[in-house]
Amino acid sequence: MNARGRSGDEPVNWVPIAGLTELGRALLGDRRGDRDVIPEHVRDRVTALAEQWAAHGFTAETVHAWKDLNPAAAAHLKAHGISPAALQRHTVVTPTGRLTLWQAVNSGALSAAEAVNELQAAGPPEPAARPSTPAPAAPRPAPALFSHPEAALDPDTGDRRERSTPHHTPFQT
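*Asks:* Even after reading the chapter, I still don't get the overall build of the protein chain, so can you show me in this structure?
*Replies:* Secondary structure summary: the protein chain contains nine helices and four strands in total. Going from the N terminus to the C terminus, the protein chain shows its helices and strands as β-α-β-α-α-α-α-β-β-α-α-α-α. Considering the protein chain as a whole, with its 173 residues, one finds that 28% of them fall into the buried category. If you take every contact in the protein chain between residues at least 6 apart in sequence, the share linking residues at least 24 apart comes to 40%. When the accessible surface of the protein chain is split by element, carbon and sulfur atoms take 55% of a total near 12,700 Å².

Here it is, written out as structure tokens:
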């Protein structure tokens, strides 16, 4: 449903993506060459959303990592030095189950301020443990290339059916 209540019979007006601001194209996820027009009502929504993000200090370069969140929440988190990666690493228990902070803020289970408090209470992130050097693997036996190695050793046998038939089967004549 769109806000204008366009009926199904009304034709769709297409507008060029190039008419959007750089921030609008970033929000739209415009991949160069992917498409060059969008419906007018989509342009209107993207333009309004780009204005909200710009009002919170985001640019086309900085919005990409945050664009799934509410602009005000993203601005609050960013102002406190919290990265999207930190939100993805930290989990909390909510009435709906265990969620990453990103999911909790995005769903509304936690506010951005509560997410900041959670991360501050958790303290600085622990340094990632160095990957240990794995012990060398024990040598494995080579895979069998033929199901009947005896037949494979005798390449001079004229009939291929005889070479591929094991000697202990009742199918030999």
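*Asks:* How should I be thinking about a nonpolar patch on the surface in this particular structure?
*Replies:* On the surface, a nonpolar cluster with roughly 270 Å² of combined accessible area is contributed by Val12, Trp14 and Val37. With respect to the helices and strands, the residue Val12 is situated in the segment before strand S1 (14-16). Here Val12 falls in the partly exposed class, since its relative accessible area comes to 34%.

*Asks:* In this structure, what is going on with helix H4 (residues 71-79)? I would like to understand it.
*Replies:* Three or more residues of H4 are buried, namely Pro71, Ala73, Ala74, Ala75 and Leu77. Against the buried residues of H4 lie helix H2 (40-55), helix H5 (84-89), helix H6 (101-107) and helix H7 (112-122). Capping the start of H4 is the job of one residue whose side-chain oxygen sits 2.7 Å from the backbone nitrogen of Ala72: Asn70.

*Asks:* Just to check I follow, could you spell out the environment of Glu114 for this structure?
*Replies:* In this fold, Glu114 is placed in helix H7. At 2.7 Å, the side chain of Glu114 and the backbone nitrogen of Ser111 are in polar contact.

*Asks:* How do you make sense of the nonpolar core when you look at a structure like this?
*Replies:* Side chains of a nonpolar character, in soluble globular proteins, are inclined to be buried together. With 28 residues, the main nonpolar core has Trp53, Trp66, Leu69, Leu77 and Leu87 as its most contacted residues. Contributing elements (two or more residues each) for this core: helix H1 (22-28), H2, helix H3 (60-63), H4, H5, H6 and H7. Core analysis: the second largest hydrophobic core is formed by six residues, Val15, Ile17, Leu28 and Val46 among them.

*Asks:* Is there a simple way to think about the side chain of Thr100 in this case?
*Replies:* Mapped onto the fold, Thr100 is located in strand S4 (residues 97-100). The class of Thr100 is buried, set by a relative accessible area of 13%. Setting aside anything within four residues of it in sequence, one finds Thr100 in contact with Leu87, Gln88, His90 and Thr91.

*Asks:* How should the environment of Gly81 be read in this particular structure?
*Replies:* Along the chain, the position of Gly81 falls in the loop between H4 and H5. Gly81 gets classed as exposed once you look at its relative accessible area, which sits at 67%. Along the primary structure Gly81 and Val116 are separated by 35 residues, whereas in three dimensions their C-alpha atoms are 9.3 Å apart.

*Asks:* It is not clear to me how the pattern of salt bridges should be interpreted in this structure. Could you clarify?
*Replies:* Should the charged atoms of two oppositely charged side chains come close, the side chains can pair. In total, this model carries two salt bridges according to the counting rule given. One salt bridge connects Glu40 with Arg43, and the closest N-O pair in it is separated by 3.4 Å. Note that Glu40 and Arg43 are positioned in helix H2 at a spacing of three residues, about one turn of the helix. Arg43 serves as the salt-bridge partner of Asp44, at 3.1 Å between the closest nitrogen and oxygen. Arg43 gets classed as partly exposed once you look at its relative accessible area, which sits at 24%. Salt bridges sharing common partners tie together Glu40, Arg43 and Asp44.

Cut-off values and rules
- Residues numbered from 1 in each chain as written.
- Predicted model: local features only at pLDDT ≥ 70, side-chain atom pairs only at ≥ 80, totals over all residues.
- Heavy atoms only, no water.
- Helix = DSSP H or I, 4+ residues; strand = E, 2+ residues; numbered from the N terminus.
- Buried < 20%, exposed > 50% of the residue type's maximum accessible area, 1.4 Å probe, protein only.
- Contact = heavy atoms within 4.5 Å.
- Areas by Shrake-Rupley, 256 points an atom, 1.4 Å probe, with all protein chains shown as cover.
- Patch = residues over 30% accessible without salt bridge, like charges linked within 9 Å, V, L, I, M, F, W, Y side chains within 5 Å.
- Salt bridge = Lys/Arg side-chain N within 4 Å of Asp/Glu carboxyl O.
- Polar contact = N/O pair within 3.5 Å; in protein donor to acceptor, adjacent residues only side chain to side chain.
- Core = buried A, V, L, I, M, F, W, Y, C linked by side-chain atoms within 4.5 Å.

Functional significance is not addressed by these values, which are geometric in nature.
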